[in-house]
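# Coordinate inspection notes
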Amino acid sequence: MSSSAGDGFGQIALAWGTLQLGYGPGGLALVLACRAVPALLVLAGGALGDRFRRHAVLAGAEALAAVIWAALALCFLWGTAPLALLCVLAGISGLERPLFMPTLRSIVVDLVPGEDRQRANALLGQADAAGLLLGLALSGIVVAAVGSGWAAALKAASGIIGVLSLIRLNTSAWGGERHGLLGDLRAGWREFISCQWAWVLTAQFTAVAVAVSAFMGVAGPTHMSQDHGGARAWGIVAGCEAFGALMGAFVAARCSPSRPLLVTALLPASAAGPMLLLGGGAPWPVLAVAMLIPGVCQTIYFVLWSTTVQHHFQPQVLARINSWGLLGNFALTPITLLAAGPIITTIGARNTAITCGLLIFTATAMAICAPQVRRFRTSPDKSAIFDKREELVGHRGAQD
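Throughout what follows, the structure given in this document is the object of discussion. Nothing here was measured: the structure is a model prediction, and the numbers come from that model.

Counted under the stated rule, the structure contains zero disulfides. Just so you know, Cys 87 is unpaired, no disulfide at all, and the nearest cysteine sulfur is the one on Cys 34, 3.8 Å from it. Not part of a disulfide, Cys 356 finds its nearest cysteine sulfur in Cys 297, a span of 18 Å.

Written out as structure tokens, the structure is:
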């Protein structure tokens, strides 16, 4: 929870801190792109998450974040910093994500037995949403009241809390044959590509993530900064999404759809709604209410996806599977953020938001065309679909 709360503070602090230093949408896009570039190392992060104890990998990522965000806080509090320095610090801070994300999605297997993993994933989503809600709700107030520097300092403090919490865990050190970094990555790739639903939904998620990063990272803040509510309003808008995610966790713990893969594919389409509303000129309170829906759907999506992956793949390859699933998103995000500044300058924030919404609808339509995604059903025993890999493979073969 402390980590997600820190993410909320960091998201607003970096955006408004860069803008308040006078670098504009182009400078903000460059800083965010630099922060996103290290995410290309997500494959290495997945290999580390499978090779070492996962709680130790997560603690290392939190420690790195604490140091770098303390430096960013000093820059914002000082009131002046070269754009190049902000880019370097943002780039180093970006190392947290490729270490943290694939490992976090795998640690549930180390801590929770199979029959309880959906509830555990929902609880994890609930804690993340609650922390993000707290961070986003307070960050706008903190930025407006005392400046972005203090919001960045709170992000650094959350990293310290995360380290102190994680070092108390004791996760498994998974054995298995190792062939070096490249060999480990190839083994993870073979497992990932052999499952049709995994790579189809990953491709959809990549497109959705690109649209969301452009909207949440640049288009939304730029629109709000142009006399449409400012930092506090954008903090509330983003906080409503986090509140929706918190509500979604309660639904996700009890969600047992007969076609889980089809439901998973349809849920991301909800993210297009707020984008189209902003593009249509809706006031920020309407936008804030609309953000509740994709928030709810987001948590249900990740619980269904994570539970499926955790039961379908062996524990010793889980972090690598997750890293391959995140690679497309992480690879395209820097390009998206770099392009977002010039695009917004050319066509405006509202038209950019509409384009993002249309991209999400297109990706969703393509995903539900995949036979395994569209036709796959649960068995009468709702857990059997996840526990027997041979059933999934046989079903895929029958469809193909």
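What follows continues from the structure just given.
This next bit is on the nonpolar core. Grouped together as the largest cluster of nonpolar side chains are 57 residues, with contacts concentrated most on Leu 86 and Trp 234. It is helix H11 (residues 196–225) that provides the largest number of residues to this core, a total of eight residues. Residue contacts for Trp 234: discarding those within four places in its chain leaves Ile 12, Trp 16, Phe 215, Met 216, Gly 220, Pro 221, Met 224 and Leu 287. Membership of the second largest hydrophobic core comes to 36 residues, among which are Ala 122, Val 309, Trp 324 and Ala 370.

Time to look at the environment of Leu 318. Within the secondary structure, Leu 318 sits in helix H17 (residues 318–347). Leaving out residues up to four positions away in the same chain, Leu 318 has contacts with Asp 50, Arg 54, Ser 106, Val 109, Val 309, Gln 310 and Phe 313.

It is worth spelling out the packing of aromatic side chains at this point. Evaluation of the coordinates by the stated rule reveals seven aromatic pairs. Both rings, one in Trp 189 and one in Phe 192, keep their centres 5.9 Å apart while their planes meet at 45°; by these two values the pair is tilted. Of the two residues, Trp 189 and Phe 192 are both situated in helix H10 (residues 180–193); the distance of three residues between them amounts to about one turn of the helix. For Trp 189, a relative accessible area of 36% puts it in the partly exposed group. Judged by relative accessible area, which is 5%, Phe 192 ranks as buried. Aromatic side chains Trp 189 and Trp 324 sit 4.8 Å apart centroid to centroid with 55° between the ring planes, which places their arrangement in the tilted category. With a gap of 135 residues between them, Trp 189 in helix H10 and Trp 324 in helix H17 connect regions that are remote in the sequence.

A separate point is empty space enclosed by the protein. The final tally for this structure, using the stated rule, is two cavities of 30 Å³ or more. Its volume calculated, the largest cavity comes out at about 100 Å³. Arg 105, Leu 201, Thr 202, Phe 205, Tyr 301, Phe 302, Trp 305, Ile 321, Asn 322, Gly 325 and Leu 326 are the residues that line the largest cavity. Counting only elements with at least two residues in the lining of the largest cavity, the list comes to H11, helix H16 (292–312) and H17. Broken down by element, the lining of the largest cavity gets its largest block of residues, four residues, from H17. Considering only residue class, the lining of the largest cavity consists of seven nonpolar, three polar and one charged. One number sums up the size of the second largest cavity: a volume of about 60 Å³. As for the second largest cavity, its lining consists of Val 212, Phe 215, Met 216, Glu 241, Ala 271, Pro 274, Met 275, Met 291 and Pro 294. Those elements giving two or more residues to the lining of the second largest cavity turn out to be H11 and helix H14 (272–279). Sorting elements by how many residues they give to the lining of the second largest cavity places H11 first, with three residues. Among the residues making up the lining of the second largest cavity, the classes are represented as eight nonpolar, no polar and one charged.

The next subject is the packing of H11 against H14. Relative to each other, H11 and H14 sit at 30°, their axes nearing to 11 Å. By the angle class used here, H11 and H14 are roughly parallel. Where H11 crosses over H14, the handedness of that crossing is left-handed. From H11, Ala 211, Val 212, Phe 215, Gly 220 and His 223 reach across to H14, where they touch Pro 274, Met 275 and Leu 278. Of the residues in the contact of H11 with H14, the class split is six nonpolar, two polar and no charged.

The N-to-C vectors of helix H2 (residues 24–36) and helix H5 (residues 83–93) enclose an angle of 35°; their axes lie 6 Å apart at closest approach. Crossing handedness for the pair H2 and H5: right-handed. Residues Gly 27, Leu 30, Val 31, Cys 34 and Arg 35 of H2 lie in contact with H5, whose contacting residues are Leu 83, Leu 86, Cys 87, Ala 90, Gly 91 and Ser 93. In terms of residue class, the contact of H2 with H5 is made up of seven nonpolar, three polar and one charged.

Evaluated as defined, the whole model comprises five salt bridges. The partner of Arg 54 in a salt bridge is Asp 50, and the shortest N-O contact between them spans 2.7 Å. By the burial criterion, Arg 54 is buried, and Asp 50 matches it. Close ionic contact of Lys 155 with Glu 96 constitutes a salt bridge, the shortest N to O distance being 3.5 Å. Taken together, the positions of Lys 155 in helix H9 (residues 148–166) and Glu 96 in helix H6 (residues 96–104) put the pair 59 residues apart, joining distant regions of the chain. Within this structure, Asp 50, Arg 54, Asp 110 and Arg 320 form a network of salt bridges that share partners.

Now for the side chain of Asn 121. With respect to the helices and strands, Asn 121 occurs in helix H8 (residues 117–146). Side-chain polar atoms of Asn 121 contact the side chain of Gln 310, separated by 2.9 Å. With residues near it in sequence (within four places) discarded, Asn 121 still touches Val 108, Val 303, Ser 306, Thr 307 and Gln 310.

Reading guide: rules and limits
Throughout, a residue's number is its position along its own chain's written sequence, starting from 1. Only residues with pLDDT of 70 or above have their local features reported here, since the model is predicted, and side-chain atom pairs are shown and tallied only from 80 upward, although totals for entire chains, interfaces and linings are computed over all residues. To get the side-chain values, take all heavy atoms of the structure and skip hydrogens and water. Note on terminology: disulfide denotes any pair of cysteine sulfur atoms within 2.5 Å. Side-chain atoms within 4.5 Å link the members of a nonpolar core, which is a set of buried Ala, Val, Leu, Ile, Met, Phe, Trp, Tyr and Cys residues. Categorising residues by exposure relies on relative accessible area from a 1.4 Å probe, with only protein chains included: less than 20% of the type maximum marks a residue as buried, more than 50% marks it as exposed, and the intermediate range marks it as partly exposed. Secondary structure elements are defined from DSSP: runs of H or I of at least 4 residues count as helices, runs of E of at least 2 residues count as strands, and each element is numbered from the N terminus. Any two residues whose heavy atoms approach within 4.5 Å at even a single point are treated as in contact. Side-chain rings of Phe, Tyr and Trp (the six-membered ring for Trp) are treated as a pair once their centres are within 6.5 Å; stacked means planes under 30 degrees apart, edge-to-face means over 60, and tilted covers the remaining angles. Only protein atoms enter the 1 Å grid, on which a cavity is a set of points fitting a 1.4 Å probe that cannot get out and a pocket is an open set with protein on both sides within 12 Å along at least 5 of 7 lines, lining residues being those with an atom within 4 Å of a point. Grid points are joined across faces, edges and corners, and a volume is the space filled by probe spheres set on the points. Three classes are used, and their members are as follows: Ala, Val, Leu, Ile, Met, Phe, Trp, Tyr, Cys and Pro are nonpolar, Asp, Glu, Lys and Arg are charged, and the others, Gly among them, are polar. Axis angles are defined between N-to-C directions and span 0 to 180 degrees, where every axis is a line fitted to C-alpha atoms and, for a helix, only to the segment in contact. Geometric relationships in this document are graded by angle, where less than 35 degrees denotes roughly parallel, more than 145 denotes roughly antiparallel, 65 to 115 denotes roughly perpendicular, and other angles denote oblique. Crossing handedness follows the turn of the near helix against the far one: under a right angle anticlockwise gives a left-handed crossing, and clockwise gives a right-handed one. One speaks of a salt bridge when a side-chain nitrogen belonging to Lys or Arg is within 4 Å of a carboxyl oxygen belonging to Asp or Glu. In protein, a polar contact means a hydrogen-donor-capable atom and an acceptor-capable atom, both N or O and within 3.5 Å, with residues adjacent in sequence counting only if both atoms are side-chain atoms; elsewhere, any N or O pair within 3.5 Å suffices.

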